[in-house]
Amino acid sequence: MTKLRFAVIGTGHISSTHIDAIRNCENAELAAIMSHDNTRAEMFAGKYNVKAYSDIDELLADNEIDIVDIVSYHDLHVEYALKAVKNKKHVIIEKPIGIHIEHIDELIEEAKKNNVKVTVISQHRLDEAFIRAKSRIEAGELGKILFVNVDLIQNRSENYYMASPWRTQLEKAGGGVLMMNAVHLIDVLLWMLGDVKSVYGKIENIKHKIDVEDTASALIKFKNNAVVSLHASNSASYNHPFRVMIYGEKKSLMIEYGKVIEINNQKNTNMLTRLKNAAVRRLPVRMSKSRMYKTGSIAEQINIFADSIVNNKENSLATALDGKKALEVILAVYKSSKSGREININR
């Protein structure tokens, strides 16, 4: 059986998740580790009995490497990915794809030119709850999507930032809660609803004294006329599962990290039922019992990506273009917050 040889670039917190996923992937084999800190590179390489690199060009000159998995600082993602595809390596990029739009189109073209694949980690596309929601939206079961409300409320202590100080640095991270966390849900919204028309947003630092935002709100208008209200914060005193409320003309869905609650509009029921529900629940809707579905993982995405290469399948995962679209939305929020204006996204 063909084993794709992986090199992981970066030795931060998330690298262990990627390394474990690769080592447990049927079609994969961990072959190298790279870190700018040669001591860390040697330490990780020794732990896993693989090659150690501290220079990107030396790593990419290794003809035994098939795939590079980039989990380094955000500002290096596109630079490293572009070099990798020019060296005919397949690429996995931990989200976000980068912090600037520049060179992403070049990355897309070079990957096509060199016949290699690129994916951006977006494991929530593999959540069965979102897969089913997307399918039902496309089938028209919910009717026209009118409004979507997204809440991502988390607690991130000082230790979270101090354990990886680069997370607080705008030049390396590119942003805070939007770049680090909400990018996952922004990607899922684009996947389900299509392209964005405009963004109006505001970012703040409510709790943490850092260079990047710990709280953000945005009103996102899609080209299909759906409107999304997004609220994300790392400044809460607790962690709450993310919640996505999808309001359709016929039906609505509430998704909470794998749990789905279906809400039926009362206009589709008779008057007696509507009065009964109003008396009991004092709500203009009828809610069904919730149900849990499988959630996606980084390991699952890496497995699917490796399988698509070994068996020459079309890449069904988030692409570099998908990563660019999510980044455009985030950058539009930042621009809107700074200017106080609604920002159009021309695509």
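I will try to describe carefully the structure that is included in this document. Computed from a predicted model, the values in this text were never measured in an experiment. (Residues numbered from 1 in each chain as written. Predicted model: local features only at pLDDT ≥ 70, side-chain atom pairs only at ≥ 80, totals over all residues. Heavy atoms only, no water.)

## Points about the packing of aromatic side chains
Point 1. This structure, assessed with the given rule, holds five aromatic pairs.
Point 2. Taking 6.0 Å as the distance between ring centres and 15° as the angle between the ring planes, the aromatic pair formed by Phe 130 and Phe 242 counts as stacked. Residue Phe 130 is located in helix α6 (residues 128-139), and its partner Phe 242 is located in the loop between β10 (227-233) and β11 (243-248); the two are separated by 112 residues in the primary sequence. For the pair Phe 130 and Phe 242, one class covers both residues: buried.
Point 3. Arranged with centres 6.2 Å apart and planes meeting at 40°, the rings of Phe 147 and Tyr 247 form a pair that is tilted. Of this pair, Phe 147 sits in strand β7 (residues 145-153) while Tyr 247 sits in strand β11, and the two are 100 residues apart along the sequence.
Point 4. Look at Tyr 247 and you get partly exposed, because its relative accessible area is 34%.
Point 5. One aromatic cluster is present, formed by Phe 130, Phe 242 and Tyr 257 through successive ring pairs. (Phe/Tyr/Trp six-rings, centres within 6.5 Å; stacked < 30°, edge-to-face > 60°. Helix = DSSP H or I, 4+ residues; strand = E, 2+ residues; numbered from the N terminus. Buried < 20%, exposed > 50% of the residue type's maximum accessible area, 1.4 Å probe, protein only.)

## Details of the packing of helix α9 (residues 177-193) against helix α12 (residues 320-339)
Point 1. At a closest axis distance of 9 Å, the pairing of α9 and α12 adopts a crossing angle of 120°. By the criterion of interaxial angle, the relationship of α9 to α12 is oblique. As α9 runs across α12, the sense of the crossing is right-handed. From α9, Leu 178, Met 179, Val 183, Ile 186, Asp 187 and Leu 190 reach across to α12, where they touch Asp 322, Lys 325, Ala 326, Leu 327, Val 329, Ile 330, Leu 331, Val 333 and Tyr 334. (Axes fitted to C-alpha atoms, helices over the stretch in contact; angles between N-to-C directions. Parallel < 35°, antiparallel > 145°, perpendicular 65-115°, else oblique. Left-handed = near helix turned anticlockwise from the far one by under 90°. Contact = heavy atoms within 4.5 Å.)

## Thoughts on unusual backbone geometry
Point 1. A cis amide bond, omega -10°, links Lys 95 with the succeeding residue Pro 96.
Point 2. By secondary structure assignment, the location of Pro 96 is in the loop between β5 (90-93) and α5 (104-113).
Point 3. Backbone geometry places Asn 225, a non-glycine residue, at a positive phi of 80°.
Point 4. Relative to the helices and strands, Asn 225 resides in the loop between β9 (215-222) and β10.
Point 5. What makes Asn 225 partly exposed here is its relative accessible area of 49%.

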